[in-house]
Amino acid sequence: MATPTTSGQRLRTCRACGKKFEYPVKGNPATRHHCEDCVILPPDTRKILERLNTRVTQLERELKLLQSKVAPPAAPPAPTPSVPAA
Ligand SMILES: [Zn+2]
């Protein structure tokens, strides 16, 4: 993974919750991969969050792809419900 060498803070995306956060921040417990909210979670919980976040990210990407591929046509007229004669 190519990491651009920059001195100072960088905007990172939390692996567990997807939040964007600055790293490193003095006095902030956040790590390279986890924001300050997730870094305090038990590793097992964080692992599950990471898994879910991966799925969400993947789904978002696929959804975006689908939306760009399929330009939705004008809303089709709703089928008229057959009303039984009284
Ligand atoms: Zn987080």
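None of these values were measured; they are calculated from a predicted model.

Q: Give a description of the overall build of the chain that names residues and reports values.
A: Within the chain, the secondary structure is distributed over 1 helix and 2 strands. Listed N to C, the secondary structure of the chain is β-β-α in terms of helices and strands. Evaluated residue by residue, the chain yields a buried proportion of 8% over its 86 residues.

Q: Requested: an account of the environment of Asn53, with residues and values cited.
A: Turning to its location among the elements, Asn53 is positioned in helix 1 (residues 43-69). On the basis of neighbour counts, which here come to 18 C-beta atoms within 10 Å, the residue Asn53 falls in the partly exposed class. It is 6.0 Å that separates the C-alpha atoms of Asn53 and Ala16, two residues lying 37 residues apart in sequence.

Q: With reference to specific residues and values, describe helix 1.
A: In a regular helix each residue adds 1.5 Å, so 27 residues correspond to 39 Å; helix 1 covers 39 Å between its end C-alpha atoms and thus fits that length. Across the 27 residues that make up helix 1, only a small minority, 0, are buried.

Q: Got a sec to walk through the pairing of strand 1 (residues 10-13)? Specific residues and values, please.
A: Every regular strand shows the same layout, with side chains that alternate between the two sheet faces. For strand 1 and strand 2 (residues 20-23), the ladder comprises 4 bridges, and the chain directions are antiparallel. Bridging across to strand 2, Thr13 finds its partner in Lys20. Linking two consecutive strands that pair antiparallel, namely strand 1 and strand 2, is a turn of 6 residues; a positive phi of about 80° is found at Gly18 within it.

Q: Tell me about unusual backbone geometry, and name the residues and values.
A: In this model, Tyr23 is joined to Pro24 through a cis peptide bond whose omega is -5°. In this structure, Pro24 sits in the loop between strand 2 and helix 1.

About the criteria used
Residues numbered from 1 in each chain as written. Predicted model: local features only at pLDDT ≥ 70, side-chain atom pairs only at ≥ 80, totals over all residues. Helix = DSSP H or I, 4+ residues; strand = E, 2+ residues; numbered from the N terminus. Buried ≥ 20, exposed ≤ 12 C-beta atoms within 10 Å, placed from the backbone. Expected span 1.5 Å × (residues − 1). Pairing = 2+ DSSP bridges.

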